[in-house]
Structure formats: structure tokens, C-alpha cells
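# Descriptive structure summary
Letter by letter, the chains look like this.
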Amino acid sequence: MRKTKAELIEELDALQQNYADEKASIGQTLNAMQNKLIALKDENHNLKLMMDQYERTLMIMTKRLMESREA
């Protein structure tokens, strides 16, 4: 079965449109994933800061407790 030039052009147009749609979909997915990654990195950074603060507070409280026991 031979295809006419018009049919081949139609198929090519459909393939090109499908490619463009897939590329756009992949781009949207990638952007969403990058935004999620940025949010998770920010959350991780904030949690590390909180842990540092808790550790410092714990060290200060431990030091004060030891000093109060010695007094």
C-alpha cells in the first residue's frame, strides 16, 4: 500500500505535533520536579538550622546544670 504525499505530510504533521506535546509535557514535569527539589532543599536547610540551634541550647542547658550541681 503506497501512501500519497498528502497522507505522508499528514502523518509527519501528527508526529511533529505529538513530539511537541510530549516535549512540553516533559518540560512541565521537569519544572515541577525542580520546584519540589528546591522546596525540599530549603526545608532541609531550615531543619539543619533548627538542629544546630537545639544542639547549642542543649549544650548551654547542660553546662548550666553542671555548674548548678557544682555550686
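How each quantity is defined
- Each residue is numbered by its place in its chain's sequence as written, counting from 1.
- Totals for whole chains, interfaces and linings use all residues, but because this is a predicted model, local features are given only for residues with pLDDT of at least 70 and pairs of side-chain atoms are given and counted only at 80 or more.
- Only hydrogens and water are set aside when side-chain values are computed; all heavy atoms of the structure are taken into account.
- Secondary structure is summarised from DSSP: a helix means a run of H or I of at least four residues, a strand means a run of E of at least two, and numbering begins at the N terminus for each.
- Note on classification: 1.4 Å probe, protein chains only; a residue is buried when its accessible area is under 20% of the maximum for its type, exposed when over 50%, partly exposed between these limits.
- Using the Shrake-Rupley algorithm and a 1.4 Å probe, accessible areas are obtained, with residue cover drawn only from the displayed protein chains.
- Think of it this way: Lys and Arg go in the positive column, Asp and Glu in the negative one, and His and the chain ends go nowhere.
- We put the charge of a Lys on NZ, of an Arg on CZ, of an Asp on CG and of a Glu on CD.
- By convention in these notes, a salt bridge is any Lys or Arg side-chain nitrogen within 4 Å of a carboxyl oxygen on Asp or Glu.
- Patch membership is restricted to residues that have no salt bridge and whose relative accessible area is over 30%. Joining uses 9 Å for like charges and 5 Å for the nonpolar side chains Val, Leu, Ile, Met, Phe, Trp and Tyr.

### Here we look at the overall build of the chain
- Helix and strand counts for the chain stand at one helix and zero strands.
- When burial is assessed residue by residue, the chain has 0% of its 71 residues classed as buried.
- Within the structure as shown, the chain displays about 7100 Å² of accessible surface, and the carbon and sulfur contribution to it stands at 61%.
- For the chain, the distance from the average position of its 11 positive side-chain charges to the average position of its 12 negative side-chain charges is 6 Å.

### Side note on the environment of Gly-27
- As for its placement among the helices and strands, Gly-27 is situated in helix H1 (residues 5–70).
- With a relative accessible area of 28%, Gly-27 lands in the partly exposed category.
- A sequence separation of 15 residues divides Gly-27 from Leu-12, and the C-alpha atoms of the two residues are 22 Å apart.

### Remarks on the pattern of salt bridges
- Considering all chains together, one arrives at one salt bridge under this definition.
- Between Lys-3 and Glu-11 there is a salt bridge; the shortest N-O distance is 2.3 Å.
- Exposure remark for Lys-3: the relative accessible area of 36% places this residue in the partly exposed category.

### Regarding a nonpolar patch on the surface
- There is a patch of nonpolar side chains on the surface, built from Leu-47, Met-50, Met-51 and Tyr-54 and spanning about 420 Å² of accessible area.
- Relative to the elements of secondary structure, Met-51 occurs in helix H1.
- Judged by relative accessible area, which is 46%, Met-51 ranks as partly exposed.

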